[in-house]
Amino acid sequence: MEYQWEWLVVVYLYLGGLGAGLFVFSAIFDFMNQKHFEPLARIAALLAPWPVALGAGLLIFDLGSPMRFWRLFSTVQWTSPMSVGSWLLVAFTMTSGAHMLLWARSNPEMPIGIGGLHLPLPSGVRRVELRRTFTALGAPMGLGVGIYTGVLLGAVPARPFWNTPMVAMLFLFSALSTAAAALLLVSTLRKTTVSSIPERRLLYTADIGIILIEIFLIVPYFLHNALSTASQARSLDLVLGGPFTLAFWIGFVALGLLLPLIVEVLDLVPLIAGRKKASHSPLWAYVSAIPVLAGGLVLRWVFVFAGQVSHFG
Amino acid sequence: MSTSQNPPREGQSMSRRSFLQAGTFTVAGLALASAPFTSHLVRSAPRPNPLLEDQAIRTSCGLCVNKCGVTAWVRDGVIRKLDPIDEHPKSRGMLCARGNAGVQALYDPNRVKSPLIRVGERGAGRWRQTTWDEALDHVAENLLKVRTEMGPEGVMFSSTEGFQEHFFRAFAEAWGSPNVVRHPTLCLASMVHGMFSTFGEVPAFDLRKTRYIILAGANRFEALVTPDSVDLMRNVGKRQKLVVLDPRFTITASKADDWFPIRPGTDLAFVLAMMSVIFEEGLQDQNFLDRYTIGQEALREHVRKHTPEWAAEETGIAAREIRRVAREFASAAPAAVFYPGRRSSWTENDTQFRRGIAVLNAIVGAWDRPGGCLPKTRIAIEEPLVFPPDDIAADRCYDLETLFPLANHKDGTYLALRRSILESAKSPIGAWMIYKQNPLHSVPNTNATLEMMKKIGFIVAIDTSPSDTAWMADVILPESMYLERTDPPHSVAGAVPVVLNRRQVVPPRHDTKSCIEIVQGLAERLGLAEYFDYTVDDWIEAAIEPLTINRKELDERGFYSTLEEPNYGRTLRDGYRFRTKSGKIELESVRYREQSYPALPTYVKPRSGRPGAYRLITGRSALYTHAALQSLSWLGGADPEGCAAWIHPKVADRHGLSDGDVVRVRSSQGEIEVPIKATPRIREDCVFVPHGFGSRSAGLSDYAHRGGRDSELLEDHEDTITGNAAMHETFVELFPTGRHIEIAKLPVSSRIEGGLR
Amino acid sequence: MTRYAMAIRTANCVRCMGCVVACRAENDVPEGSSRNWIGQTELRGRFPHVGVDFVPGQCMQCEEPHCARVCPVGATSKDEDGVVRIDRDVCIGCRYCVLACPYDARFANHELGVADKCDFCTDRVRAGREPACVQTCPSRTRVFGDLDDPDSEISTLVASERTHRKKLEAGTEPKIFYIDS
């Protein structure tokens, strides 16, 4: 059977999760209310809408009849994860867009694209409060988008490889992990904020936690499938000796989870212990961030393609 | 590339679709333009049903010999769909895969669209499109040249059955050539002879009521779908027992209660042993034998030595199984049939085998009774115009009367005719007119046929598609397809006889003509016009004169029949004379004795091959008509494995081959390269090469180019009595080529299921 | 009410492909795709005691169709006559339904940019004719009819013969009944 969903969908799910994760981090950093995390919160906010919007564009481009995409928004089909997800995506894109614009004013010298844009507000409206309203609105949406990318797959009983709630969880945490990695990468690339120790410590800590959660989600994913229907148990063969084994275990687990985990732990421990000065070499950040970003893509590739091969019955 | 797997080239297969959709595009365009303003809730609004506007025209299918009843649904002058005629007495409301693909065949871009005259080397595929006038002038000129040099007998005519074949044959007669050869000696001549020499006719089989049926190699479910297949299919598993003897586990075998992978060429041993058991145990219908047959004593004596133990040695089937089948068969009789098969071109002793079958059916009295062999009747229609009056004076270029004194001389024998041309220093044939035939595939030993073609100066092919043979011709005269023609009605004999009607559904799409128009065009140029001074309409009016139906009613119904059920027992009444020499059913053939042929069915051990050689067996798929229609994507695309040669897994191991590996199959006469399929569905000592693949004509799509031509391997053996080509007498060797192609890739329409539930 | 369904006598099927080609012709199915198919079981047993079955399949016209459930635009729905249909004017071609079908009975029609599948030949049935696959079948493998009509052949068959339906554990309540023999 031919694959129905291919690279465009893989990238779409990836970008959707990434954007959602960025927004969630922006919200977290913002509400931490610490001055030295504000640049991170701002970068995350300024980045968040773009991957989602791009991903949605890819999705439309992938349709058999792209000119009819508007029909998605002429109806709400409550039983269809795609319908609910599409609405969620629109709401999130708009919210995160507004959120971005409100952040943009806060730092006119921000070089990142829209950073210099000035959004005039009516007098009497306080920018920070308005922004935080959008942050509060957008954060649950971001979590929703992150979960949705997995629910889209998980809600299909016909594809046993997908058909467990663990997929949604795995996709959500992978989304957060890639967002943390993206922030690490961007903050490292940007000289002005490069590797401030608290930033790095924060991002490392977050990422280590998320990676550990991911690892502990993989275990129940396998258990759940192995102990569920025969088709689900059989579907695991795809990554246990089947054609997706290498991609899953080497591409995702080893390179996307374990390698960055080790790098981050090795880099973080001295930072926490304060035994040495923070290294200003960006190498460590790259070595952990890039594999995480790549691993997230591999995870989605494996799931999107392997799921379509798995058959019910 | 004989093993090409590429799908047909872009744009070769979409023509009818683009036809039908030409109208829809504008409508769709408008719909798209207005789409944003319509809510999808509009969908529940009732939609007009386009099918109700379609015009229904009834006709007869023309893609195989069976001529099933077809309703063509026409919209805006384009045939949209072909459906079966439900109440049709012959086709019983069915239309097979290729019948359904008739639409695609009609709109196939690979058809020959105008007369073509060769300009390059023969077979190089360089043609000049021309007008009918020029093409017919050209043909007439060449025929006249041959007549001047060699007489009318210098032109050979060969053809295959069809509603308009009559005109082609009439033309050969008017022209005055005795060198006429038809298809039976590539097909069923030996079966016809076996039945005829026993019963005086070829019976039908009452398969709806049969309780026990034995098929020996007759692959009724896989190789062709005709009324007999339909009756069997619908009875599978019900009150019927089906026994199949076949070296392959065919689809037919898969439906059998018993499948015996018999050693090829030994079927007569099985038949004789059944007879010996039946006589030994007194299971014969003694009354029937006494009253209607001659030769029972001689037969009884003859089969005595053919014990099941003897037959087990020959056939590889256990003696107790032979005994059991014989007893079951006899106890089911007269509702029992040992089926004689259709394409009976197997061995050099084939007629004896088919006679054995006839005799076996006779000794249990399975004749003219419900569930047995049934004599056929025919609805009399007029053959309005008989000509020409004079007998043909010239002699054949080969001595058919001496070679095969009992053969049907009107049909000629293909191999003997070819041999005579090849063996003469100067070819006795100067021109060859071929109608609806593809000898490069259908006649064994393609290399010999090509040699023969080299000796013939002028070759004309009348065909609908650029077959391999047409591709090697000097002129191609494109015939209109069956859906584009009105043909003379055909009266088909059977247990339930029927008159079939074929009527034009759409006008010819291209610059093509029907056979009668081609013949008339030539006749006019050759001074033979007087023999063809009628129209098809005149013919039809005259033909149906005796029927209680007029032309309009016949066109509306699509067929004419008088009986619903067979009339049993007509030949069992006192005073009936069978059309044999003795007037009885001849267990011992009088004519055979006169000609010093064994008068009782006599077994000959099959030849064996060199060590390391396998017996080549060949067969057809009902998706195609011999070597035609493979080109169509609807059929070829549904059958990716169809071109593969079958070998047993042990044989595959021996040669280090696995599925999709391309193997060179070599016989004494030629070699081909085909992908293999290793399957336990075939005997270890056989290689199966499906017929009709591996076409070379570049005018066909790549679906037709897949695999190889079985005919290139087949040696020219022939049945001793009829001259029927013997196609299972060749041994081949296998040589791996090291190449591999993906054949295992199943199309969407045929998946492997995990199990029944 | 009407509830169209089909019974399939697997024992009759000889895989002649008549139904597959008839469907293609009737419904203008693009090459490379097919609305119906004839599955083949693996060979059972050892030579010469082997067996194989041919199992026709197509959209099962489920009572609880997953394809309709996941459609984001409501293009697929089960009609009052029990047939699951795709509105080609509404479908956006996301192929979610193709993936959601436990029977793999759907495909993307790339020529039209929409999902495609068997609809029991809607127009033919509304014109009083049988679906193309049913009418053309030489072996009378298929029986089409109304389950809610107690006198229909299919109701009689489903009531009297031992039948099974495929992948019931998917919970879609398919309406193609395979007759065991």
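Residues numbered from 1 in each chain as written. Chains lettered and ligands numbered in written order. Predicted model: local features only at pLDDT ≥ 70, side-chain atom pairs only at ≥ 80, totals over all residues. Heavy atoms only, no water.

Chemist: Would you mind going over the overall build of chain A with me for this structure?
Modeler: Each helix and strand in chain A was counted, giving ten helices and zero strands. Its C-alpha atoms give chain A a radius of gyration of 20 Å, within 12% of the compact-globule value 20 Å for 313 residues. Overall size of chain A, expressed as C-alpha extent along the three principal axes, is 60 × 55 × 25 Å. Considering chain A as a whole, with its 313 residues, one finds that 54% of them fall into the buried category. Taking the intrachain contacts of chain A between residues at least 6 apart in sequence as the baseline, contacts between residues at least 24 apart amount to 79%. Working note: accessible area of chain A is about 12700 Å², and carbon and sulfur atoms make up 74% of it. Positive and negative side-chain charges of chain A, numbering 19 and 13 respectively, have mean locations separated by a distance of 7 Å. (Helix = DSSP H or I, 4+ residues; strand = E, 2+ residues; numbered from the N terminus. Rg over C-alpha atoms; globule rule 2.2 N^0.38 Å. Buried < 20%, exposed > 50% of the residue type's maximum accessible area, 1.4 Å probe, protein only. Contact = heavy atoms within 4.5 Å. Areas by Shrake-Rupley, 256 points an atom, 1.4 Å probe, with all protein chains shown as cover. Lys, Arg positive; Asp, Glu negative; His and termini not counted. Charge placed at Lys NZ, Arg CZ, Asp CG, Glu CD.)

Chemist: Help me out: how do you make sense of the sheet that holds strand E10 (residues 142-146) of chain C in this one?
Modeler: Paired through their backbone hydrogen bonds, the strands of a sheet run either parallel or antiparallel. Residue and element names in this part refer to chain C. Reading across the sheet, the four strands line up as E10-E1-E12-E11 and stay open at both edges, with mixed pairing between neighbours. The open sheet has two edge strands, E10 and strand E11 (163-164), and neither has a second partner. Direction of pairing for E11 relative to strand E12 (residues 176-179): antiparallel, over a ladder of two bridges. Each bridged residue has a counterpart across the sheet, and for Thr163 the counterpart in E12 is Ile179. (Pairing = 2+ DSSP bridges.)

Chemist: For this particular structure, what's the right way to read the interface of chain A and chain C?
Modeler: Often, the extent of an interface is quoted as the loss of accessible area on bringing the components together. Contacts between the two partners involve 31 residues from chain A and, on the opposite side, 30 residues from chain C. For the chain A and chain C pair, buried surface summed over both sides reaches about 2500 Å², with 55% attributable to carbon and sulfur atoms. The largest contributions to the chain A side of the interface with chain C come from A:Gln4, A:Arg68 and A:Phe312, which together make up 25% of the buried area. Where chain A meets chain C, there are two salt bridges. (Buried area = accessible area lost by both parts, 1.4 Å probe. Salt bridge = Lys/Arg side-chain N within 4 Å of Asp/Glu carboxyl O.)

Chemist: Would you take a moment to explain the interface of chain B and chain C for this structure?
Modeler: Listed per partner, the contact involves 58 residues of chain B and 65 residues of chain C. Taken over both partners, the interface formed by chain B and chain C buries close to 5200 Å², and the fraction arising from carbon and sulfur atoms is 54%. Summed over the shared surface of chain B and chain C, the result is three salt bridges. The salt bridge partner of B:Asp83 is C:Arg124, with a shortest N-O separation of 2.9 Å.

Chemist: Whenever I open this one, the sheet that holds strand E20 (residues 559-560) of chain B confuses me. Can you help?
Modeler: Residues and elements named next belong to chain B. Sheet architecture is open: three strands sit in the order E18-E19-E20, paired in antiparallel fashion. With partners counted over all chains shown, the strands left at the sheet margins are strand E18 (487-492) and E20, one partner each. Direction of pairing for strand E19 (residues 498-502) relative to E20: antiparallel, over a ladder of two bridges. Paired with Leu500 across the strands is Phe559, a residue of E20.

Chemist: Can you help me understand the packing of helix H6 (residues 165-189) of chain A against helix H7 (residues 197-227) of chain A in this one?
Modeler: The relative placement of two packed helices is expressed as an angle between their axes plus a distance between the axes. Residue and element names in this part refer to chain A. It is the contact of H6 with H7, at a shortest axis distance of 9 Å, that shows an interaxial angle of 160°. With respect to their mutual orientation, H6 and H7 come out roughly antiparallel. Note that H6 runs across H7; the crossing there is left-handed. A per-class count over the contact of H6 with H7 returns 19 nonpolar, four polar and four charged. (Axes fitted to C-alpha atoms, helices over the stretch in contact; angles between N-to-C directions. Parallel < 35°, antiparallel > 145°, perpendicular 65-115°, else oblique. Left-handed = near helix turned anticlockwise from the far one by under 90°. Nonpolar A, V, L, I, M, F, W, Y, C, P; charged D, E, K, R; others polar.)

Chemist: Explanation requested: the packing of aromatic side chains in the structure shown.
Modeler: Aromatic rings in a pair are described by how distant their centres are and how their planes are angled relative to each other. Going through the model one piece at a time under the given rule, you end up with 41 aromatic pairs over all chains. Considering the side-chain rings of A:Phe161 and A:Phe303, the 4.9 Å spacing of their centres and the 40° angle between planes classify their relative orientation as tilted. Separated by 142 residues along the polypeptide, A:Phe161 in the loop between helix H5 (127-154) and H6 and A:Phe303 in helix H10 (residues 283-309) bring together distant segments of the chain. This pair shows no difference in class: A:Phe161 is buried, exactly as A:Phe303 is. Considering the side-chain rings of B:Phe168 and B:Tyr435, the 5.4 Å spacing of their centres and the 25° angle between planes classify their relative orientation as stacked. Taken together, the positions of B:Phe168 in helix H5 (residues 165-175) and B:Tyr435 in strand E15 (residues 431-435) put the pair 267 residues apart, joining distant regions of the chain. When its relative accessible area of 2% is taken as the criterion, B:Phe168 is described as buried. The class of B:Tyr435 is buried, set by a relative accessible area of 0%. Put simply, the rings of A:Phe161, A:Phe171, A:Tyr221, A:Phe222, A:Phe248, A:Trp249, A:Phe252 and A:Phe303 touch in pairs and so form one group of aromatic residues. Of note, A:Arg300 hangs over the ring of A:Phe171, and the distance from its end group to the ring centre comes to 5.0 Å. (Phe/Tyr/Trp six-rings, centres within 6.5 Å; stacked < 30°, edge-to-face > 60°. Lys NZ or Arg CZ within 6 Å of the ring centre and 35° of its normal.)

Chemist: Sorry if this is basic, but what is going on with the pattern of salt bridges here?
Modeler: Oppositely charged side chains are able to pair whenever their charged atoms sit close together. Inspection of the entire model under this criterion finds 81 salt bridges over all chains. Linking B:Arg485 and B:Glu479 is a salt bridge whose minimum nitrogen-to-oxygen distance equals 3.3 Å. Here B:Arg664 makes a salt bridge to B:Glu671, at a shortest N to O gap of 3.6 Å. In this structure B:Arg664 comes out as partly exposed when scored by relative accessible area, which is 24%. A single salt-bridge network, built from bridges that share partners, covers B:Asp54, B:Arg75, B:Arg80, B:Lys81, B:Asp83, C:Glu26, C:Arg124 and C:Arg129.

Chemist: When you look at the nonpolar core in this model, what are you seeing that I'm missing?
Modeler: The nonpolar side chains of soluble globular proteins are, as a tendency, buried together. Residues and elements named next belong to chain B. Ranked by internal contacts, the top residues of the largest apolar core, which has 142 residues, are Ile79, Met274, Phe329, Phe338 and Ile363. Among the elements that take part in this core, helix H9 (residues 267-280) stands out by supplying eleven residues, more than any other. What Phe329 contacts, discounting residues up to four positions off in sequence, is Tyr212, Ile214, Met274, Ile278, Ala336, Val337, Phe338, Leu360, Asn361 and Val364. (Core = buried A, V, L, I, M, F, W, Y, C linked by side-chain atoms within 4.5 Å.)

Chemist: Would you mind going over the packing of helix H4 (residues 132-150) of chain B against helix H20 (residues 515-526) of chain B with me for this structure?
Modeler: Residues and elements named next belong to chain B. Look at H4 against H20: their axes get within 9 Å of each other, and the N-to-C directions meet at 55°. Taken together, the axes of H4 and H20 lie oblique to each other. Where H4 crosses over H20, the two elements pack in a sense that is right-handed. Facing Trp132, Asp133, Leu136, Asp137, Val139, Ala140, Leu143, Leu144 and Arg147 of H4, the residues of H20 in contact are Ile518, Gly521, Leu522, Arg525 and Leu526.

Chemist: So what exactly am I meant to see when it comes to a nonpolar patch on the surface here?
Modeler: All names here are of chain A. Side chains of Leu240, Leu246, Trp249, Ile250, Leu255, Leu259, Leu283 and Val287 sit close together on the surface and give an oily, nonpolar patch of about 720 Å² of accessible area. Of the residues forming the nonpolar patch, the biggest block, five residues, is contributed by helix H9 (residues 245-273). With respect to the secondary-structure elements, Leu240 resides in the loop between helix H8 (230-235) and H9. Under the relative-accessibility criterion, Leu240 is labelled partly exposed at 47%. (Patch = residues over 30% accessible without salt bridge, like charges linked within 9 Å, V, L, I, M, F, W, Y side chains within 5 Å.)

Chemist: Just checking my understanding: could you explain the pairing of strand E9 (residues 212-216) of chain B for this structure?
Modeler: In the case of a regular strand, side chains alternate between the two sheet surfaces. Residue and element names in this part refer to chain B. The buried fraction of E9 is high, at five of five residues. Both faces of E9 are covered, namely the face carrying Tyr212, Ile214 and Ala216 and the face carrying Ile213 and Leu215. Relative to strand E10 (residues 241-245), E9 runs parallel, the two being bridged by five bridges. Looking across to E10, one finds that Ala216 is bridged to Leu245. Pairing geometry for E9 and strand E13 (residues 336-339), over four bridges, is parallel. Bridge pairing in E13 places Ile214 opposite Phe338.

Chemist: Honestly, the state of the cysteines in this entry has me stumped. Any pointers?
Modeler: In protein chemistry, a disulfide is the covalent bond that joins the sulfur atoms of two cysteines. Residues and elements named next belong to chain C. Inspection of every chain in the model, using the stated rule, returns zero disulfides over all chains. No disulfide involves Cys91; its sulfur sits 6.0 Å from the nearest other cysteine sulfur, which is in Cys97. Among the residues examined, Cys91 registers a relative accessible area of 7% and is labelled buried. (Disulfide = S-S within 2.5 Å.)

Chemist: Can you help me understand the confidence of the model for chain A in this one?
Modeler: Detailed reading of predicted coordinates is not advised where the pLDDT is low. Of the residues in chain A, 90% have a pLDDT of 70 or more, and the chain-wide mean is 87. Model confidence for chain A, summarised as mean pLDDT per element, is weakest for H9(A) at 87 and strongest for helix H1 (residues 7-31) of chain A at 94. (pLDDT = per-residue confidence, 0-100.)

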